[in-house]
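Summary of structural features
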Amino acid sequence: MERCLNEIKPGETAVVRYLRAHGSMRRRLLDIGLVEGTRVECVGVSPMGDPAAYLIRGAVIAIRSADSRNVLIKEEQHGSDQ
């Protein structure tokens, strides 16, 4: 099942698998560190539900839901939590 970054909830983590975005939006997502293999944690969602804040490579970045739908993820595996 394909999951997108906008689907993770505060406190959940995931790993970037692929970017579907093209053009300038792809460049922006790459510039903030959303490259394959990067660990991302959702740290909060605005009261209206959009944007959400993500911890990416030590920086907290707000990303709109429309943009985070273009980031495909895989859930981070926890060794003893399964």
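Please refer to the structure higher up on the page.
Each value, and the rule that gives it
- Residues numbered from 1 in each chain as written.
- Predicted model: local features only at pLDDT ≥ 70, side-chain atom pairs only at ≥ 80, totals over all residues.
- Heavy atoms only, no water.
- Helix = DSSP H or I, 4+ residues; strand = E, 2+ residues; numbered from the N terminus.
- Rg over C-alpha atoms; globule rule 2.2 N^0.38 Å.
- Buried < 20%, exposed > 50% of the residue type's maximum accessible area, 1.4 Å probe, protein only.
- Contact = heavy atoms within 4.5 Å.
- Areas by Shrake-Rupley, 256 points an atom, 1.4 Å probe, with all protein chains shown as cover.
- Salt bridge = Lys/Arg side-chain N within 4 Å of Asp/Glu carboxyl O.
- Pairing = 2+ DSSP bridges.

Broken down by element type, the chain carries two helices and six strands. Against the globule reference of 12 Å for 82 residues, the chain gives a C-alpha radius of gyration of 12 Å, in line with a compact fold. With the C-alpha coordinates of the chain rotated into their principal frame, the extents come out at 40 × 30 × 25 Å. Classification of the 82 residues of the chain by burial places 35% in the buried group. Partitioning the intrachain contacts of the chain with sequence separation of at least 6 by distance along the chain shows that 58% fall at a separation of at least 24. Carbon together with sulfur atoms contributes 49% to the accessible area of the chain, which is approximately 5,100 Å² in total.

This structure, assessed with the given rule, holds three salt bridges. Where Arg 27 meets Asp 31, a salt bridge forms, and the shortest distance between an N and an O atom there is 3.1 Å. Residue Arg 27 and its partner Asp 31 are both found in helix H1 (residues 23-31); the two are separated by four residues, about one turn of the helix. Asp 31 sits in the exposed class, given a relative accessible area of 54%. Ionic pairing is found between Asp 67 and Arg 64, a salt bridge with its closest N-O pair at 2.9 Å.

So, about the pairing of strand E6 (residues 71-75). For strand E1 (residues 3-4) and E6, the ladder comprises two bridges, and the chain directions are antiparallel. Among the inter-strand pairings, Cys 4 is bridged to a residue of E6, identified as Leu 72.

Between Asp 50 and the following residue, Pro 51, the backbone shows a cis peptide bond with an omega angle of 10°. Here Pro 51 shows up in the loop between strand E3 (39-45) and strand E4 (52-56). At Arg 57, a residue that is not glycine, the phi angle is positive and equals roughly 50°. Looking at the element boundaries, Arg 57 is found in the loop between E4 and strand E5 (59-63).

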